[in-house]
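Summary of structural features
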2 protein chains.
Amino acid sequence: MGVGEAMSGTFYGLGLGPGDAELITVKSWRLLSTADVVCWPVGPSGAALARQIADPFMPDNAIELPLPVPFGAAPADLDAAYADAAHRIARHLSDGREVAYLCLGDPLTYGSFALLAARLAIAHRVVAIPGVSTAQAAAAALSRPLAQGTDIIKVLPANADPDRLQAEIAAGDATLVFLKAGRHIGLIRRLLNEAGIRDAFAVAHLGQDGERIVALKEAELRSPYFSTVIAFAGSRAP
Amino acid sequence: MGVGEAMSGTFYGLGLGPGDAELITVKSWRLLSTADVVCWPVGPSGAALARQIADPFMPDNAIELPLPVPFGAAPADLDAAYADAAHRIARHLSDGREVAYLCLGDPLTYGSFALLAARLAIAHRVVAIPGVSTAQAAAAALSRPLAQGTDIIKVLPANADPDRLQAEIAAGDATLVFLKAGRHIGLIRRLLNEAGIRDAFAVAHLGQDGERIVALKEAELRSPYFSTVIAFAGSRAP
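Residues numbered from 1 in each chain as written. Chains lettered and ligands numbered in written order. Predicted model: local features only at pLDDT ≥ 70, side-chain atom pairs only at ≥ 80, totals over all residues. Heavy atoms only, no water.

Brief notes about the relation of the copies chain A and chain B
Mapping one chain copy onto the other needs a rotation about an axis and a shift along that axis. In screw terms, the move from chain A to chain B is a rotation of 180° and a rise of 0.0 Å along the axis, fitting with an RMSD of 0.0 Å. The transformation relating the two chain copies, once decomposed into turn and shift, fits a two-fold axis. Closest to the rotation axis within chain A is the C-alpha of T25(A), separated from it by 2.0 Å. (Least-squares fit on C-alpha atoms with pLDDT ≥ 70 in both.)

Here it is as structure tokens:
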């Protein structure tokens, strides 16, 4: 171990679950409670859902470091924002501080953590603590098995190429979980209708106050960004 | 609420995470700590991994109810075992006791909980508390993003029809998570090789003592039942 490494803290990505504060794991809670620095992404609207979800478990004496990330901005602007965030985190790590990054759901499943980890792992220790992901929390909210036996599960970002989504839907029976479905409810409904799949639900504000579960055909065309659609196209579906 | 319902307890499926005891959520821990009855499935070998993982969080005064389930038995024998287990649980629920069922990973993702819940929900309140699933825990163990941006994730039971697995692998770039890969390492390796996918890893004893992560090409042909293979066929894979 070099002189620099001896001083360096660890960068932890802590999965919080997708909404309900109690879905944090004991492991993430333990590491959060002893962190020297706690950081989280702040979107263009100033919203910081991860910070809000972690609130009951925030340590008293940690340095709080909100990190502005212009989600949806041009790639160059996003890249500059992540470079700046990584630089600010790295300074704390180099000073020997343990840094916890709050992640909605799971840190390594479509999260901003991976972009920071890729930059920081070059010179620092980086550890991801897994969390409950949207697919599992949505199935629990619906009280429906996500998959049984030899069922296949597909997790599909709703902003993927529509032709690709169509091909995956057509490929055969599976449970289909569409993430970030908010602006894409109409597209998903059309693709599922074309495939004859009617057993589908939209979930908004999963695990939060105002959680709303409706049949997909009744979902509003402009639902919240983090809405989820689950379609049961497996042989066990009613 | 009828007279019968007033007395009835709730049947909880508590996700424990796939190995590491600390991956239990605060919510599952809270419900486990106040349960009147705690039950779990016991396989033909007598193994009760769920009970073992929950050990640090087991309440002192609960009734412990191991439930024999002949995993891998003929359907009629399995059905009889689940009917018997549901009957034993229902008696406690009818007496007004809260019953917690310990689930590896997530209760509604390929778990035995769904089979009990289907029987018990007819007359009792049934609630699933989601848990960290194998895909997320395996990605954390590998320190690799499971998916980013518009990547697709497919969760594939290794005992599904091999032609179907082949078709899903061929359908296009995705992160492929093969569950219960133990006896199927050779098949998975062949299918991935045929598709030109070489960036793949096998994980055994995930989150437990003796956790072992190897490149798929180095994995033993007969790995433990709950082994997982992750293949990165997305454009971001090295």
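Things to note about the pattern of salt bridges
Residue and element names in this part refer to chain A. Using the criterion set out here, one finds 22 salt bridges over all chains in the structure. Two residues, E64 and R51, come together in a salt bridge whose shortest N-O distance is 3.1 Å. Separated by 13 residues along the polypeptide, E64 in strand 3 (residues 63–68) and R51 in helix 3 (residues 49–54) bring together distant segments of the chain. E64 gets classed as partly exposed once you look at its relative accessible area, which sits at 38%. Since its relative accessible area comes to 18%, R51 is described here as buried. (Salt bridge = Lys/Arg side-chain N within 4 Å of Asp/Glu carboxyl O. Helix = DSSP H or I, 4+ residues; strand = E, 2+ residues; numbered from the N terminus. Buried < 20%, exposed > 50% of the residue type's maximum accessible area, 1.4 Å probe, protein only.)

Description of the domain arrangement of chain A
Residue and element names in this part refer to chain A. Domain boundaries assigned for chain A yield domain 1 (3–129) and domain 2 (134–232). The gap between the C-alpha centroids of domain 1 and domain 2 is 28 Å. For the domain 1 face of the interface with domain 2, the top three residues by lost area are P18, L49 and Y110, together amounting to 67%. Taken together, domain 1 and domain 2 are joined by zero salt bridges. Here domain 1 and domain 2 share one residue pair in polar contact (both at pLDDT 80 or more) between them. Of the residues belonging to the side of domain 1 that touches domain 2, the class tally is five nonpolar, two polar and one charged. (Domains from an automatic or database assignment. Buried area = accessible area lost by both parts, 1.4 Å probe. Polar contact = N/O pair within 3.5 Å; in protein donor to acceptor, adjacent residues only side chain to side chain. Nonpolar A, V, L, I, M, F, W, Y, C, P; charged D, E, K, R; others polar.)

Quick look at the sheet that holds strand 5 (residues 125–129) of chain B
All names here are of chain B. Strand order in this open sheet of five strands is 3-2-4-1-5, and the pairing throughout is parallel. Looking at which strands have only one partner, the edges of the open sheet turn out to be strand 3 (63–68) and strand 5. Across this sheet, the average inter-strand angle for adjacent strands is 25°, counted without regard to direction. Direction of pairing for strand 1 (residues 10–15) relative to strand 4 (residues 99–103): parallel, over a ladder of five bridges. Residue pairing across strands places G13 opposite Y101, the latter belonging to strand 4. Sheet strands in contact with helix 2 (residues 26–33) are strand 1, strand 2 (37–42), strand 4 and strand 5, and its direction is about 135° off that of strand 1. Seen against the sheet, helix 5 (residues 113–120) touches strand 1, strand 4 and strand 5 and runs at an angle of roughly 165° to strand 1. (Pairing = 2+ DSSP bridges. Axes fitted to C-alpha atoms, helices over the stretch in contact; angles between N-to-C directions. Contact = heavy atoms within 4.5 Å.)

A look at the interface of chain A and chain B
Interface size is often expressed as the accessible area that is lost when the parts come together. Tallying the contact residues gives 48 residues for chain A and 48 residues for chain B. Of the roughly 3,900 Å² buried between chain A and chain B on both sides combined, carbon and sulfur atoms contribute 61%. Joining chain A to chain B, the criterion identifies six salt bridges. Here K154(A) makes a salt bridge to E168(B), at a shortest N to O gap of 3.0 Å. The element that contributes the greatest number of residues to the side of chain A that touches chain B is strand 6 (residues 153–157) of chain A, accounting for five residues. Its residues assigned to classes, the side of chain A that touches chain B comprises 27 nonpolar, 10 polar and 11 charged. Of the pairings in the sheet, the one linking strand 6 of chain A to strand 6 (residues 153–157) of chain B comprises three bridges and is antiparallel in character. Its bridge partner lying in strand 6 of chain B, K154(A) is registered against K154(B).

Section: the environment of F201(B)
Relative to the elements of secondary structure, F201(B) occurs in strand 8 (residues 200–204). Discounting chain neighbours no more than four positions away, the residues touching F201(B) are L142(B), R144(B), V214(B), A215(B), L216(B), T228(B), V229(B), I230(B) and F232(B).

Thoughts on the packing of aromatic side chains
Under the definition given, this model contains 11 aromatic pairs over all chains. A network of ring pairs unites the aromatic residues W29(A), F57(A), W29(B) and F57(B) as a single cluster. The cationic tip of R51(B) hangs over the ring face of W40(B); the distance from NZ or CZ to the ring centre is 5.4 Å. One Lys or Arg, R144(B), reaches over the ring of F232(B) and ends 3.9 Å from the middle of that ring. (Phe/Tyr/Trp six-rings, centres within 6.5 Å; stacked < 30°, edge-to-face > 60°. Lys NZ or Arg CZ within 6 Å of the ring centre and 35° of its normal.)

Focus: the sheet that holds strand 10 (residues 228–232) of chain B
Taken together, 10 strands build an open sheet; the order of strands is 9(A)-8(A)-10(A)-7(A)-6(A)-6(B)-7(B)-10(B)-8(B)-9(B) and the sheet is mixed. Either end of the sheet is taken by a strand with one partner, and the two such strands are strand 9 (212–215) of chain A together with strand 9 (212–215) of chain B. Here the average twist between neighbouring strands, direction ignored, is 15°. Most of the contacts of helix 6 (residues 134–142) of chain B go to strand 10 of chain B, to which it runs at about 70°, and overall it touches strand 7 (175–179), strand 8, strand 9 and strand 10 of chain B.

Focus: helix 2 (residues 26–33) of chain A
Within the span of helix 2 of chain A, buried status applies to V26(A), K27(A), S28(A), L31(A) and L32(A). Contact partners of the buried residues in helix 2 of chain A: strand 1 (10–15), strand 2 (37–42), helix 3, strand 4 (99–103) and strand 5 (125–129) of chain A together with helix 2 of chain B.

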